[in-house]
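The residues making up each chain are set out below.
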Amino acid sequence: ARLSRIKGRFVMLAAEGATQEVDKSRLKEARELWPQAFVKLSGDMNKLVQNTRSNHMHLCFGEVLRDLKEFCTMKDIEFITL
């Protein structure tokens, strides 16, 4: 998920997916010591590209998409899901 703004209004882009195990040597391709994960996302990747407003996203384990949507509804934040 990522909270960002479009024309001054908050929006949240969120998706579900699963982390993928990869060889640890792959982590050196970016930043070996930074927290990172390889993730297989569910949904429309074109929609992801069209709505990404940052170079990183936030990751949590578990099924929280419904909770994020409910939070956005309470706070009048547009919720975009893949």
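The structure reproduced in this document is the subject of the present report. (Residues numbered from 1 in each chain as written. Predicted model: local features only at pLDDT ≥ 70, side-chain atom pairs only at ≥ 80, totals over all residues. Heavy atoms only, no water.)

## Here we look at the overall build of the protein chain
Selection rule: Here a strand is any run of E in DSSP of at least two residues, a helix any run of H or I of at least four, and the numbering for each starts at the N terminus. Only protein chains enter the area calculation, which uses a 1.4 Å probe; residues under 20% of their type maximum are buried, those over 50% are exposed, and those in between are partly exposed. Contact definition: two residues touch when any of their heavy atoms are within 4.5 Å. His is not counted, nor are the chain ends, whereas Lys and Arg count as positive and Asp and Glu as negative. Where a charge lies is defined by one atom per residue type, namely NZ (Lys), CZ (Arg), CG (Asp) and CD (Glu).
The helix and strand tally for the protein chain stands at two helices and five strands. Secondary structure elements of the protein chain, listed N to C terminal, follow the sequence β-β-β-β-α-α-β. Taking the principal axes of its C-alpha atoms as reference, the protein chain extends roughly 40 × 25 × 25 Å. Burial analysis of the protein chain (82 residues in total) assigns 15% to the buried set. Here the contacts in the protein chain between residues at least 6 apart in sequence split such that 62% fall between residues at least 24 apart. In the protein chain, 14 positive and 11 negative side-chain charges are present, and the distance between their average locations comes to 7 Å.

## Topic: the pairing of strand 1 (residues 2-6)
What counts here: Whether two strands pair comes down to DSSP finding at least two bridges between them.
Note: strand 1 against strand 2 (residues 9-14), five bridges, orientation antiparallel. Bridge assignment links Ile 6 to a residue of strand 2, and that residue is Arg 9.

## Focus on the nonpolar core
Spelled out, the test is: The definition of a nonpolar core used throughout is a set of buried Ala, Val, Leu, Ile, Met, Phe, Trp, Tyr and Cys residues joined through side-chain atoms within 4.5 Å.
The biggest cluster of nonpolar side chains holds five residues, and these are Val 11, Leu 13, Leu 48, Ile 80 and Leu 82. Apart from the residues within four sequence positions on either side, Leu 13 is in contact with Ala 1, Arg 2, Leu 48, Asn 51, Thr 52, Met 57, Ile 80 and Leu 82.

## Quick word on the pattern of salt bridges
Should their charged atoms come close, side chains of opposite charge can pair. Note the cut-off: Salt bridges are identified by distance alone: a Lys or Arg side-chain nitrogen within 4 Å of an Asp or Glu carboxyl oxygen.
Summed over the entire model, instances satisfying the criterion amount to one salt bridge. Asp 76 is the salt-bridge partner of Arg 9, the closest N and O atoms lying 3.7 Å from each other. Linking Arg 9 in strand 2 with Asp 76 in the loop between helix 2 (65-74) and strand 5 (78-81), this pair joins segments that are 67 residues apart in sequence. Residue classification places Arg 9 among the partly exposed residues on the basis of a relative accessible area of 46%.

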